[in-house]
Amino acid sequence: MQSAVTVLGLGPMGRSLARAFLDAGLSVTVWNRTPGRDHELVERGAVGAASAEEAVAASGLTVICVVNYDAADAVLRAAAVARALKGRTLVNLSADTPERARETGAWADRHGIRYLDGAIMTPTTTIGTAASVYLHSGPEDLYREHRPLLEALGGTHTHLGEDIGRAAAYDIALLDVFWTAMAGYAHAVALARAEGITARELAPFAQGIGAILPPLFAQTAADFDDGGFSGEGNPLTSGASSMAHIVHASEAHGIDAGVMRAAEGMARRAIGLGHGTDGFIRVAEVLGRHR
Ligand code: NDP
């Protein structure tokens, strides 16, 4: 039986993608390495395939969303699956590095598989809603051909260019923002508790700090791209001093301050190179100097 789309990988994200395709009225075939993850989807009308090759053969478009590219390779590079994919389109929404995406693009080319790479930038709860965000890269005409189907997932879809690794490059840079921010937040919560402050008490003020960041991203992006680095109002020397207080307060409570020590170290290095009056984003330029 033919479907509009096949979804390989039924973890939380794969299941959400399949559900959104179904909710959009599309016929969907699904498969997962570990059987039994498709019950709810089959109840909703999806076809559960017995093997990955059977799933791929059911649709012109296959979306794979598994933990990483080792997992994707384990599924896709099985000879029968690669054969079934020949002449069809594969969209890889699993997360990994740009290098792995480019390697997969080259593998797809060698096997006559039409390939788009992508990244999902929002949690499972957003899939199928206007709040979801998808990044795509690869051949423009292939993207255009499949865009209507991909847009059934809702949200915002952006094609970033023909370099197949570009979506993954945005993904790792954006996840860098996310995970370092979350590491900072987790550390802040631990430090606050040591001072007798609950996470609930801290949260509204933490949200206030979070709200300062979006305009700062835009402002410092211009500084970085144009080489301005203005530290007027908030020079690196002042930032490094504030970071040192956090390190001292944490370590006085026996709380590891490794993340903040790393941040302070970057700031001190830039200061040591003569940039103490610049803004914090000078650190990004210093980090990139070895290239
Ligand atoms: P996971 O990252 O835990 O991926 C689970 C899926 O990967 C399952 O289908 C699992 O199959 C499969 N898998 C793992 N190892 C293998 C393997 N060796 N061979 C075949 N399949 C394998 O959960 P998610 O579904 O949440 O994430 C999928 C992708 O989506 C990830 O790359 C993630 O970074 C990305 N993503 C997820 C978000 C989220 O909110 N969850 C948000 C944005 C992106 P099995 O059931 O057999 O173990």
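Conventions adopted
Residues numbered from 1 in each chain as written. Predicted model: local features only at pLDDT ≥ 70, side-chain atom pairs only at ≥ 80, totals over all residues. Heavy atoms only, no water. Patch = residues over 30% accessible without salt bridge, like charges linked within 9 Å, V, L, I, M, F, W, Y side chains within 5 Å. Areas by Shrake-Rupley, 256 points an atom, 1.4 Å probe, with all protein chains shown as cover. Salt bridge = Lys/Arg side-chain N within 4 Å of Asp/Glu carboxyl O. Helix = DSSP H or I, 4+ residues; strand = E, 2+ residues; numbered from the N terminus. Buried < 20%, exposed > 50% of the residue type's maximum accessible area, 1.4 Å probe, protein only. UniProt positions renumbered as here; feature names shortened; annotations may be inferred. Near = heavy atom within 4 Å. Polar contact = N/O pair within 3.5 Å; in protein donor to acceptor, adjacent residues only side chain to side chain. Core = buried A, V, L, I, M, F, W, Y, C linked by side-chain atoms within 4.5 Å. Contact = heavy atoms within 4.5 Å. Expected span 1.5 Å × (residues − 1).

## Considerations on a nonpolar patch on the surface
Link 1 in the chain: Where nonpolar side chains cluster on the molecular surface, the patch consists of Val177, Ile209, Ile212, Leu213, Leu216 and Phe217 and spans about 520 Å² of accessible area.
Link 2 in the chain: With five residues, helix α9 (residues 199-226) is the single largest residue contributor to the nonpolar patch.
Link 3 in the chain: Relative to the helices and strands, isoleucine 212 resides in helix α9.
Link 4 in the chain: Exposure remark for isoleucine 212: the relative accessible area of 46% places this residue in the partly exposed category.

## Describing the pattern of salt bridges
Link 1 in the chain: Inspection of every chain in the model, using the stated rule, returns 16 salt bridges.
Link 2 in the chain: We note a salt bridge from arginine 114 to glutamate 145, for which the minimum N-O separation is 2.7 Å. With arginine 114 in strand β6 (residues 114-120) and glutamate 145 in helix α7 (residues 140-150), this pair connects stretches of sequence that are 31 residues apart.
Link 3 in the chain: For arginine 289, the salt bridge is made with glutamate 285, and the minimal N-O distance between the two is 2.9 Å.
Link 4 in the chain: The network of salt bridges with common partners includes Asp70, Asp73, Arg77, Arg100 and Glu103.

## Remarks on the UniProt feature "domain: NADPH-dependent reductive aminase-like C-terminal" (unreviewed entry) in the protein
Link 1 in the chain: Mapped onto this numbering, the UniProt entry gives "domain: NADPH-dependent reductive aminase-like C-terminal" (unreviewed entry) at residues 163-288.
Link 2 in the chain: Helix makes up 78% of residues 163-288 and strand 0%. Its end C-alpha atoms lie 22 Å apart.

## Examining the site of the ligand
Link 1 in the chain: In the neighbourhood of the ligand, 21 residues make up the surrounding shell, with Met13, Asn32, Thr34, Arg37 and Ala95 lying closest.
Link 2 in the chain: Alanine 95 is positioned with one of its backbone polar atoms (N or O) 2.9 Å from an oxygen atom of the ligand.
Link 3 in the chain: Elements represented by at least two residues in the shell around the ligand include exactly α1 (12-23) and α4 (69-76).
Link 4 in the chain: Per-element accounting of the shell around the ligand gives the leading share, three residues, to α1.

## Points about the nonpolar core
Link 1 in the chain: If you look at the biggest cluster of nonpolar residues, it comprises 27 residues, and the most contacted ones within it are Leu17, Phe21, Val28, Val30, Ile120 and Ile127.
Link 2 in the chain: Here this core takes six residues from α1, the largest share from any one element.
Link 3 in the chain: Those residues in contact with leucine 17 that sit more than four places away from it in its chain are Val63, Cys65, Leu93, Ile120, Ile127, Tyr134 and Leu153.
Link 4 in the chain: Core analysis: the next-biggest nonpolar cluster, separate from the first, contains 24 residues, Val66, Tyr69, Ala84 and Ala108 among them.

## Observations concerning unusual backbone geometry
Link 1 in the chain: Positive phi outside glycine occurs at phenylalanine 229, with the angle close to 55°.
Link 2 in the chain: Tracing the backbone shows phenylalanine 229 in the loop between α9 and α10 (236-252).
Link 3 in the chain: A relative accessible area of 6% means that phenylalanine 229 is categorised as buried.

## Examining the UniProt feature "domain: 6-phosphogluconate dehydrogenase NADP-binding" (unreviewed entry) in the protein
Link 1 in the chain: Summarizing the sequence annotation, UniProt attributes the feature "domain: 6-phosphogluconate dehydrogenase NADP-binding" (unreviewed entry) to residues 5-161 in the numbering used throughout.
Link 2 in the chain: Each end of residues 5-161 is marked by a C-alpha atom, and these two atoms are 23 Å apart; helix forms 39% of the span and strand 22%.

## Points about α10
Link 1 in the chain: With 17 residues, α10 extends 24 Å from end C-alpha to end C-alpha; this agrees with the ideal 24 Å at 1.5 Å per step.
Link 2 in the chain: Of the surrounding secondary structure, the elements contacted by the buried residues of α10 are α8 (166-194), α11 (258-275) and α12 (282-287).
Link 3 in the chain: Glycine 254 sits one or two positions beyond α10 and adopts a positive phi of about 75°.

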